[in-house]
Every structure is written in structure tokens, then in C-alpha cells.
There are 2 protein chains.
Amino acid sequence: MPRKKPSIDRVLHALGDPSRRAIMEKLSQGPISVSRLAEPLDITLAAVVQHLQVLEESGLVQTEKVGRVRTCRIEPGGLSVVDKWIADRRSMWEHRLDRLGDFLADPDEE
Amino acid sequence: MPRKKPSIDRVLHALGDPSRRAIMEKLSQGPISVSRLAEPLDITLAAVVQHLQVLEESGLVQTEKVGRVRTCRIEPGGLSVVDKWIADRRSMWEHRLDRLGDFLADPDEE
DNA sequence: ATAATTGTCAAGTGGATACTTAAGTAGTTT
DNA sequence: AAACTACTTAAGTATCCACTTGACAATTAT
């Protein structure tokens, strides 16, 4: 089955949840199985599996099942779409600040 | 009223919503009033105000009311907490990849 | 074969939340 | 003063979503 395109929408929604961020942080330490992932989190294994689905569909995590063990790891390129979105916003408003000193609208700052 | 500390949790949750991202994108073009912000979005003005509250509490947007008009603008440092979180994750797993070649899933390591 | 491990799936629940409507406030214009 | 503009606030609704339970499947160990 073809892997879904990781949109900024999917990715940011995925990262918006604390449990999923905890999973990302754990996975940053290295690949690990589902049940070992679940141990430190105080949610059930089933919940962890659901989070992993979201993370996988958003392109943040890759998993592979061998035998009865599913091993999860970070998908290194997954966060780049967020980087890009942020960079785009920043370039927009920074570029704007270059062109016109916006003291008119904002006398207080800068 | 002291401004709340913008945690990574607040910020990523705020950015997880498409309407709020649309607001961020519009604001990247420059400061604008609430009602003009609402025009292109097909949600009510009241909904926009609620989103703006979330964005402001997360430190992504700053607003200022003069007369009866509230002007909204990007808070330039607001996204840095996301940058930092991403950079931290990346440095973790990249550092790890430097140290040990991760040949295949080796469950009992270290 | 039996049991234990590791994960999967379906269905349901409770709480969060995005949104609407409607009424109200406070500046601004005429 | 009256009308209009630009929000603001409260309350209700409906959907979403994180999480649980419980039954099941598949692999590995005894």
C-alpha cells in the first residue's frame, strides 16, 4: 500500500499531542520495540499502537515487523516539512520588515 | 496579567489546527485587524477571536487594541521553541548515528 | 502441545475543542 | 442622540480524538 504524502497538516497535528512527542523523544534515542516504547508511558499498549499509526502516516516514524516484534525508528526526513513551513513564514515577514520600516503601524517596538 | 510561558506543548497544539495556521500565514504578510483577518476565512468572526486567543497564549501572535480595532501581528520569536525542539531531536539521533553504525535492529544494546 | 509474549483490531466512552448563534460593549460617525 | 462599526462574551452543539477494555492472532519458549 502506497505511503500517504506527509502534509504539514498531518505532521503538525501529530506533533500536537504530548504522548506522541514523548514517543518521538524516546525514538530519538534509537530504535525500539512497541512494548518497550510503551513501558515508560502510562498509557496502554493499544494506545501506543494508535499513536504509532498516526506518526507513521505523518511520515515521522518508520516501523518494521520481524517475527512478533515491531521495531520503530525515527524517519529522519519527517520533520523537514515543519522546518520548511517555519522558514517560509519567517522569510515572508522578515522580507516584509526589510522593505518597509513598519513604524507607522507600530510605534512602540524596535 | 503576566503573559503565560509559551511551552512547546501550547505552541505545537496551536499550530496543529488548519484555521490557526491560515491565520499565521495571513499574518506573515503583515499586521491586520481582526475583521479583515476573518474575511477570507469561512468561519465567523467569533471563531477567529477564539483562535487568536489560543495563538496569543502560545506566544505566536501579539495583538494590541487601539480604539475599537484590534491589530494582530506575528510575534517573531514565537516559533523558536519549535525550532529548538526539532533541533534537539535531530541532534539526538544524529549523534547516535555517528557513534554506532546501526546495522540492523539490535534490541539489546548498550 | 501448552503457555507466555507481542502485537492487532473493534467498539465504546468521556472529555476536549472548533464552531455557531445571540446578546452585549464600546468606540466612531453622522 | 442615533446608527454603525468592530469586536467581545456566553452558552450551546456537534464532532473529534485519546484512551480503555476485551477478544483475537501470530510468534516464540517450555
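Up top is the structure these notes are about.
Keep in mind it's a predicted model, so treat the numbers as computed, not measured.

A. Local environment of the protein's contact with DNA strand C. Looking at DNA strand C, there are 23 residues lining it, with Ser35(A), Arg68(A), Arg70(A), His51(B) and Arg68(B) nearest. Considering the 4 Å shell around the protein, atoms of DNA strand C inside it are sugar or phosphate in 68% of instances. The contact in question runs from a phosphate oxygen of DNA strand C to an N or O atom on the side chain of His13(B), over 3.5 Å. Separating a phosphate oxygen of DNA strand C from a side-chain N or O atom of Ser19(B) is a distance of 3.4 Å. Elements with a contribution of two residues or more to the surface near DNA strand C: α3 (34-38), α4 (45-57) and β3 (69-74) of chain A together with α2 (18-27) and α4 (45-57) of chain B. Grouping the constituent residues of the surface near DNA strand C by class yields 8 nonpolar, 9 polar and 6 charged.

B. Representation of the packing of helix α2 (residues 18-27) of chain A against α4(A). All names here are of chain A. Packing of α2 against α4 leaves a shortest axis separation of 10 Å and a crossing angle of 80 degrees. As the angle between them shows, α2 and α4 are arranged roughly perpendicular. Together, Ser19, Arg20, Ile23 and Met24 of α2 and Val48, His51, Leu52, Val54 and Leu55 of α4 make up the contact between the two elements. When grouped by side-chain class, the residues that make up the contact of α2 with α4 number 6 nonpolar, 2 polar and 1 charged.

C. The interface of chain B and chain A, seen in detail. Between chain B and chain A, the residue contacts involve 31 residues of the former and 33 residues of the latter. Seen at the junction of chain B and chain A, the total is 4 salt bridges. Of the charged contacts in the structure, one is a salt bridge between Asp83(B) and Arg90(A), with a shortest N-O distance of 2.0 Å. Linking chain B with chain A are 6 residue pairs in polar contact (both at pLDDT 80 or more), by the criterion used here.

D. Quick peek at the sheet that holds strand β2 (residues 61-66) of chain A. All names here are of chain A. The strand order β1-β3-β2 describes an open sheet built from 3 strands, whose pairing is antiparallel. The sheet terminates laterally at β1 (32-33) and β2, the two strands that pair on one side only. The pairing of β1 with β3 spans 2 bridges and is antiparallel. When the bridges of β3 are listed, Ile32 appears paired with Cys72. Running at roughly 90 degrees to β3, α2 makes contact with β1, β2 and β3 of the sheet.

E. Quick peek at the relation of the copies chain B and chain A. After a rotation of 180 degrees and a shift along the axis of 0.0 Å, chain B superposes on chain A with an RMSD of 0.1 Å. What the rotation and shift describe, once combined, is the action of a two-fold rotation axis. The rotation axis passes nearest to the C-alpha of Gly16(B) in chain B, at a distance of 2.9 Å. Taken together, the interface assignments show that 94% of the residues at the interface of chain B recur at the interface of chain A, consistent with an identical surface on both copies.

Conventions used here
- Residues numbered from 1 in each chain as written.
- Chains lettered and ligands numbered in written order.
- Predicted model: local features only at pLDDT ≥ 70, side-chain atom pairs only at ≥ 80, totals over all residues.
- Heavy atoms only, no water.
- Near = heavy atom within 4 Å.
- Polar contact = N/O pair within 3.5 Å; in protein donor to acceptor, adjacent residues only side chain to side chain.
- Helix = DSSP H or I, 4+ residues; strand = E, 2+ residues; numbered from the N terminus.
- Nonpolar A, V, L, I, M, F, W, Y, C, P; charged D, E, K, R; others polar.
- Axes fitted to C-alpha atoms, helices over the stretch in contact; angles between N-to-C directions.
- Parallel < 35°, antiparallel > 145°, perpendicular 65-115°, else oblique.
- Contact = heavy atoms within 4.5 Å.
- Salt bridge = Lys/Arg side-chain N within 4 Å of Asp/Glu carboxyl O.
- Pairing = 2+ DSSP bridges.
- Least-squares fit on C-alpha atoms with pLDDT ≥ 70 in both.

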